[in-house]
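Spelled out from the first residue to the last, the chains are:
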Amino acid sequence: MNTRSSLSRAMISLSVAAALAASGIVQAADHLDSPIVKNDPAADINDLFAFVNPNDASELVLVMDVVPVANRNSRFSDAVDYVFHYDNGAGDKAITCKFSESSTRVSCAGPDGLSASGPLDQVVNGNGMRVFAGLADDPFFFDFAAFNATKDALAPKFTNPGTDFFLGLNTLTITIGVKNERLVFSGGGRSNVFKTYASTKRTGDLGIGAGFTGHWYDPANSGHGVQTEIIMLDGVRQLFAVWYVYDENGKQRWVNALGPVVGNGTGDLQAYYTANGAFPPVFGAGQPTLELFGKISFNFSSCDHGTLTYDASLAGLGSGVVPLTRLTNVEGVDCSLLSAGQIDRMGRPGINTVLINLLPPHNDALKDQYNQAVSIASWTQFTNEIQANLAAIDTLDGTTGNTVLPPASLAPVLADDRLIVDVSKPTCDAYLAVELGVANQCGGRTLQRDIIDDTLGAIVGPGVSDNVSFDSTLRTDFPFIGVAN
């Protein structure tokens, strides 16, 4: 497929630039922090918050935000489990929220009969807990552009005032309120101090979907390309492809194939081409004929890249692999490449985004490994990576050694990526309060806390700021998170 005119080249370049900006600009607290979550926005955790209800000290409030830059058409997935984990010394326990009836109804359940179930966009009371799920204002605030410039230069690039990228953006939120006593005495526990994190697990609707419909080509060898359509045929999701290519003599040839979707692509598909045709409207008897080309298969690594593998039966064509890059997509059709199992996890903000895969040589697979690490005991594997990046970030203010703890001491704390909250303390306005021994503070993370300045102060040095202040309007009572823009 050849982009022939300078105008079409410019338009495609602009489209690619816009797509990159849309996917990259919101890598902040935890938004779009690894390749696997970029392909699965319904399972992408933006933020986790944990705090004692300021109106009722007997209730712990947990907030999980998912889907970056959500809108009125965004949906929770009925094939994803949204899980709040907590541990007060009696082992990891979980409250799991699921969605049903075209994702218009939420049901959450946890140990010892904790449960709440009902429609979206309203507070639903249940047994020992309550839940609100729906579209809401994204409370995160951050000068993301200045941070990116700082990270790239390894020198401060913040301005005063800063610019909050997240102003006016929405998210999908799951907010639960759980009675403290139901948590404190669960599973034989007796401690008021909880370690908590959130995770998402995809349980179904896997592989490629309608968003893979479009045109694809190899930029290094343009002049031929592939058109794909994802269709439902006889109740089976199938890929129909037309490869606009050439024969052994350099004449144009259309090769087509149809077959079931298997995971991230297809198995071997029988491919055919038409021959002995004529210009319409009249074909002669027996025209055209359908000839066997051989076998082709597809595999996609993301919504924008994949491969076509061919094994031709025709003499002189042989076999090989063609790298594919997306050229076009269908307007209004979102793309997701969906994998089974744990997709994302988050406790403290910015750990994967900032402290994993920061320094070259870059390895995005490490970010996926971080998000997909299910066992808490396995999280220590990231300690050295976090320590190396902490040491690099410590230099950003021009002074080394002025962080809250030395990188070697702070890295193991952050590798245990769970918010710590003491539900016996009703005041919650100090981040890392439990970890640092701040008196009479619950710790955790509130919606309005300037977590970026807290983090910069802890890992770079005192006084380092992005110069952005909280700018959302919160509800005065549960679920607290602001009304959608």
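Further up the page is the structure itself.
Residues numbered from 1 in each chain as written. Predicted model: local features only at pLDDT ≥ 70, side-chain atom pairs only at ≥ 80, totals over all residues. Heavy atoms only, no water.

1. Some thoughts on the packing of aromatic side chains
Right, on to step 1. Summed over all chains, the structure comprises 20 aromatic pairs.
Right, on to step 2. Plain terms: the ring middles of F212 and F300 are 4.9 Å apart, the flat faces sit at 55° to each other, and that makes the pair tilted. On the criterion of sequence distance, the pair formed by F212 in the loop between β10 (193-202) and β11 (214-217) and F300 in strand β17 (residues 289-300) is long-range, its members being 88 residues apart.
Right, on to step 3. Here F212 falls in the buried class, since its relative accessible area comes to 0%.
Right, on to step 4. F300 sits in the buried class, given a relative accessible area of 1%.
Right, on to step 5. An aromatic cluster is present here, built from F140, F142, F144, F147, F165 and F166 joined pairwise through their rings.
Right, on to step 6. A cation over a ring is seen here: R130 above F478, with NZ or CZ 4.2 Å from the ring centre.
Right, on to step 7. One cation-aromatic arrangement involves R475 over F132; the distance from NZ or CZ to the ring centre is 5.1 Å. (Phe/Tyr/Trp six-rings, centres within 6.5 Å; stacked < 30°, edge-to-face > 60°. Helix = DSSP H or I, 4+ residues; strand = E, 2+ residues; numbered from the N terminus. Buried < 20%, exposed > 50% of the residue type's maximum accessible area, 1.4 Å probe, protein only. Lys NZ or Arg CZ within 6 Å of the ring centre and 35° of its normal.)

2. Overview of the pairing of strand β2 (residues 59-70)
Right, on to step 1. Extensive coverage of β2 is indicated by the burial of 11 of its 12 residues.
Right, on to step 2. Note that strand β1 (residues 45-52) and β2 share seven bridges and pair antiparallel. Within β2, the position partnered with V52 by the bridge is L60.
Right, on to step 3. If you look at the hairpin formed by β1 and β2, you'll find six residues sitting between the two strands.
Right, on to step 4. Where β2 meets strand β9 (residues 170-179), nine bridges bridge the pair, whose relative direction is antiparallel. For L60, the partnering residue across the bridge sits in β9 and is V178. (Pairing = 2+ DSSP bridges.)

3. Quick notes on the pairing of β17
When a strand is regular, its side chains alternate between the sheet's two faces.
Right, on to step 1. Judged from the seven bridges that link them, strand β16 (residues 269-275) and β17 form a sheet pairing that is antiparallel. Its bridge partner lying in β17, L269 is registered against I296.
Right, on to step 2. As defined by bridge partners, β17 adjoins strand β18 (residues 305-312) across seven bridges and the pair is classed as antiparallel. Within β18, the residue paired with I296 across the bridge is Y310.
Right, on to step 3. The turn joining β17 and β18, which pair antiparallel and follow one another in sequence, is formed by four residues.

4. Concerning a nonpolar patch on the surface
Right, on to step 1. The grouping of V404, L436 and V438 at the surface amounts to a nonpolar patch, some 220 Å² of accessible area in total.
Right, on to step 2. With respect to the element layout, L436 can be found in helix α9 (residues 433-436).
Right, on to step 3. A relative accessible area of 43% places L436 in the partly exposed class. (Patch = residues over 30% accessible without salt bridge, like charges linked within 9 Å, V, L, I, M, F, W, Y side chains within 5 Å. Areas by Shrake-Rupley, 256 points an atom, 1.4 Å probe, with all protein chains shown as cover. Salt bridge = Lys/Arg side-chain N within 4 Å of Asp/Glu carboxyl O.)

5. Points about helix α8 (residues 407-415)
It helps to recall that an α-helix has 3.6 residues per turn; residues three or four apart then point in one direction.
Right, on to step 1. Within the span of α8, buried status applies to P407, L410, A411, L414 and A415. Down the axis of α8, the smallest arc covering the buried residues is 130°, so these residues share one side.
Right, on to step 2. Elements that come into contact with the buried residues of α8 comprise α5 (351-355), α7 (383-393) and α10 (451-459). (Arc of directions from axis to C-beta. Contact = heavy atoms within 4.5 Å.)

6. As for the environment of A57
Right, on to step 1. By the secondary structure assignment, A57 is in the loop between β1 and β2.
Right, on to step 2. With residues near it in sequence (within four places) discarded, A57 still touches V52, N180, V423 and P426.

7. A word on unusual backbone geometry
Right, on to step 1. Each neighbour pair has its own omega, and for N160 with P161 the value is 5°, a cis peptide bond.
Right, on to step 2. Along the polypeptide, P161 turns up in the loop between α3 (144-153) and β9.
Right, on to step 3. Here the bond from P360 into P361 is cis, since omega is 0°, no more than 30 degrees from zero.
Right, on to step 4. Following the sequence through the fold, P361 ends up in the loop between α5 and α6 (364-372).
Right, on to step 5. In the Ramachandran plot, V67 falls in the positive-phi region, its phi being about 70° despite a non-glycine side chain.
Right, on to step 6. Note that V67 resides in strand β2.

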